[in-house]
2 protein chains.
Amino acid sequence: MGVLVVGSVALDSVQTPFGAVENVLGGSASYFSTAASFFTEVSLVGVVGDDFPSEAIALFREREINIDGLEQVPGRTFRWRGQYRYDLNEAITLETQLNVFESFRPKLPLAYQESPYVFLANIDPELQLDVLNQVKRPKLVACDTMNFWIQGKLEALKAVLQRVDLLTINEGEARQLAQEPNIVKAAHRILDMGPKVLIVKRGEYGALMFSDSTMFFAPAYPLETVYDPTGAGDSFAGGFMGYLANVDAVSEESMRQAIIMGSTMASFNVESFSLERLRTLTYPEIRERFRAFRSLVTFADLPETT
Amino acid sequence: MGVLVVGSVALDSVQTPFGAVENVLGGSASYFSTAASFFTEVSLVGVVGDDFPSEAIALFREREINIDGLEQVPGRTFRWRGQYRYDLNEAITLETQLNVFESFRPKLPLAYQESPYVFLANIDPELQLDVLNQVKRPKLVACDTMNFWIQGKLEALKAVLQRVDLLTINEGEARQLAQEPNIVKAAHRILDMGPKVLIVKRGEYGALMFSDSTMFFAPAYPLETVYDPTGAGDSFAGGFMGYLANVDAVSEESMRQAIIMGSTMASFNVESFSLERLRTLTYPEIRERFRAFRSLVTFADLPETT
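The notes below deal with the structure included here. (Residues numbered from 1 in each chain as written. Chains lettered and ligands numbered in written order. Predicted model: local features only at pLDDT ≥ 70, side-chain atom pairs only at ≥ 80, totals over all residues. Heavy atoms only, no water.)

Description of the pairing of strand β2 (residues 10-16) of chain A
Residue and element names in this part refer to chain A.
Now for step 1: Taking burial as the measure, the 7 residues of β2 include 6 buried ones, the bulk of the element.
Now for step 2: The pairing of β2 with strand β3 (residues 19-26) spans 6 bridges and is antiparallel. Opposite D12, over in β3, you have V24 as the bridge partner.
Now for step 3: Here β2 hands over to β3 after 2 residues, the two strands then running antiparallel side by side. (Buried < 20%, exposed > 50% of the residue type's maximum accessible area, 1.4 Å probe, protein only. Helix = DSSP H or I, 4+ residues; strand = E, 2+ residues; numbered from the N terminus. Pairing = 2+ DSSP bridges.)

Shown next as structure tokens:
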């Protein structure tokens, strides 16, 4: 069982209160793939320019990510420059260069079209639709989006939402999409737009999962060392989808575990810049943190007599 | 086993996006006592003016709260006027009239001095010290504080912290007190100031409990109906201390349950203005929501084979 991801592969320059890096591997598909690769086969669809460094390709190969769908074309790779202040919840974008991403049209290699688990990372909803038209009966399709598409491409986004099983979205963007400040009401309005499951991401405050009749809360792991939040949401999605593909079961129970696995991967990712922490991660470390999440939230029931 | 609380008893005027009330019962000791009264005997110490309405006294009596320590003196009761916008996390104070609270010196009735559980609500740390000098070997002393005292009475506050077992504090104020933006590091700095346990309150994002070697996270219950957040922190503390006094055991396990009970009481309190929701609450409703919290955070462990 494998996961297909379509999204950006980028060179990021990031500054946080704890340091700065220039032109390091980033992009939603890079974070997603690396996180998911601990659990399942991953097929990546994206585009890079002729300036894309061979070390980044080597990292994908190390993690045994299938990059047959990663096109390399003349021109410069997508670049993002951003900054975080002490409130690490909010990225300040200093510069976005779409470069080769501007004319990106996802083309799925034949072998990718049967992927049972599909993640449409945060890209133009028209491209997300292109991908949906190329896959055959997946078991679960999830997508991400952002304020830019909610404002600029709402109709295409709504068409995507009618065709996906699950949406992951930031809390503020959920409110914006639903036009409703209360997050529980907003969640149910979004579920009415199509997805059966909604995951609301709250940064360092964790994530909420909603279905029509259930609600699940996962904290973010409280960490002493947060160097760079870039990619946390995509590492989360990678851990989530990778775990689901691994157990190959879509149920309330497996999705709850998958959310904790997503939170686990995000918690490691923010401990270093770019993909530095994920590339050295081991499965025993992952299992240990998953269990630390259990200990973080576990409490006993009330005695029957009360 | 009973709980003693010292704090404000006030008449509040509050405006939220969902309505407004004028001169309704409020104040930290009122919210705390009412919440705690579902679990244990409560002894209240505070002061009101000769304008204090008899209906408010009647509410305390309905909940069987001991108000022998509630002085009534000539003058006007403490008044607070505040407002919440759609971001219900932040109160905007429009007016504070200390009135009779300005010359308040807590005097504990003899019968109160043996109280095993003591909560020093958010008042001048010098008054908190006065109270500590009047109680005899309590099993657990907890206190609350705020930015105003951190800025203006830091030395007295530090003296209080050396004599309490547990501090509850808002997240931003924890950072301010510790002078450290990372909340895990901030928590450990505050534990070094004296308390054995720290509870960091995050409003609609729940609460974190820290000890030297443990960490526990409780979500806030995601609600469709939040009318008025006033008193959420004090209802939380009342549920927490009331539950601990009821089981009369201070352990990691009982404190985890107590935090969820605090979150339960806070979740009811915000469903209406003033104490309207708590006064009509029943124990079966409390138990049901406590269990809803369990279902909100429960997930299965990883299979042994992975």
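After that view, the rundown keeps rolling.
Some words on unusual backbone geometry
Residue and element names in this part refer to chain B.
Now for step 1: Phi at E64 is positive, roughly 55 degrees, even though this residue is not glycine.
Now for step 2: Relative to the helices and strands, E64 resides in the loop between α2 (54-62) and β5 (66-72).
Now for step 3: Classification of E64 by relative accessible area gives exposed; the value is 70%.
Now for step 4: The phi torsion at N99 lies on the positive side, around 50 degrees, for a residue other than glycine.
Now for step 5: In this structure, N99 sits in the loop between β7 (92-97) and β8 (117-120).
Now for step 6: Relative accessible area serves as the criterion here: at 24%, N99 is assigned to the partly exposed category.

Examining the sheet that holds strand β12 (residues 207-210) of chain B
Residues and elements named next belong to chain B.
Now for step 1: Read from one edge of the open sheet, 9 strands run β5-β4-β1-β8-β9-β10-β11-β12-β13, paired in mixed fashion. The strands lining the two open edges of the sheet, one partner per strand, are β5 and β13 (215-218). With strand direction ignored, the average angle separating the axes of adjacent strands in the sheet is 15 degrees.
Now for step 2: Bridge count for strand β1 (residues 2-6) against strand β4 (residues 41-48) is 5 bridges, and the pairing is parallel. Each residue of the ladder has a partner; that of V6, found in β4, is V45.
Now for step 3: Along the sheet, helix α7 (residues 183-192) contacts β10 (166-170), β11 (197-201) and β12; its crossing angle with β12, the most-contacted strand, is approximately 50 degrees.
Now for step 4: Against the sheet, helix α9 (residues 252-269) makes contact with β10, β11, β12 and β13, and its axis sits at roughly 25 degrees relative to β13, the strand it touches most. (Axes fitted to C-alpha atoms, helices over the stretch in contact; angles between N-to-C directions. Contact = heavy atoms within 4.5 Å.)

So, the interface of chain B and chain A
Now for step 1: Each partner contributes to the interface: chain B provides 43 residues, whereas chain A provides 43 residues.
Now for step 2: Each partner contributes to the roughly 4200 Å² buried at the junction of chain B and chain A, and carbon and sulfur atoms together form 58% of this total.
Now for step 3: When the area that chain B buries against chain A is broken down by residue, the three leading residues are B:Y205, B:F299 and B:L302, summing to 18%.
Now for step 4: Our count for the chain B to chain A interface comes out at 6 salt bridges.
Now for step 5: Elements that contribute at least two residues to the side of chain B that touches chain A include exactly α6 (171-178), α7, β13, α9 and α11 (283-297) of chain B.
Now for step 6: Considering every element that reaches the side of chain B that touches chain A, the biggest residue donor is α11(B), with 9 residues.
Now for step 7: Residues belonging to the side of chain B that touches chain A are distributed by class as follows: 24 nonpolar, 6 polar and 13 charged. (Buried area = accessible area lost by both parts, 1.4 Å probe. Salt bridge = Lys/Arg side-chain N within 4 Å of Asp/Glu carboxyl O. Nonpolar A, V, L, I, M, F, W, Y, C, P; charged D, E, K, R; others polar.)

A short note on the sheet that holds strand β6 (residues 79-83) of chain B
Residues and elements named next belong to chain B.
Now for step 1: Read across the sheet, 4 strands follow the order β3-β2-β6-β7 without closing on themselves; strand pairing throughout is mixed. Bordering the open sheet on either side are β3 (19-26) and β7, each of which pairs with just one other strand. Geometrically, the sheet is characterised by an average inter-axis angle of 15 degrees between neighbouring strands, direction not taken into account.

What to know about the relation of the copies chain B and chain A
Now for step 1: Overlaying chain B with chain A gives an RMSD of 0.0 Å, the required rotation being 180 degrees about an axis along which the chain moves by 0.0 Å. Here the copies are linked by what is in effect a two-fold axis.
Now for step 2: Here 100% of the interface residues in chain B have copies in chain A that are interface residues too; the copies meet face to matching face. (Least-squares fit on C-alpha atoms with pLDDT ≥ 70 in both.)

What about the pattern of salt bridges?
Now for step 1: Counted by the stated rule, this structure contains 41 salt bridges over all chains.
Now for step 2: Linking B:D165 and B:K196 is a salt bridge whose minimum nitrogen-to-oxygen distance equals 2.7 Å. Here B:K196 lies in the loop between α7 and β11 and B:D165 lies in the loop between α5 (154-161) and β10, a separation of 31 residues in the sequence.
Now for step 3: The buried category is assigned to B:D165, whose relative accessible area is 17%.
Now for step 4: Residue class for B:K196 comes out exposed when judged on its relative accessible area of 54%.
Now for step 5: Here the residues in one salt-bridge network are A:E171, A:R175, A:R202 and B:E204, joined through shared partners.

These figures come from the coordinates and say nothing about function on their own.
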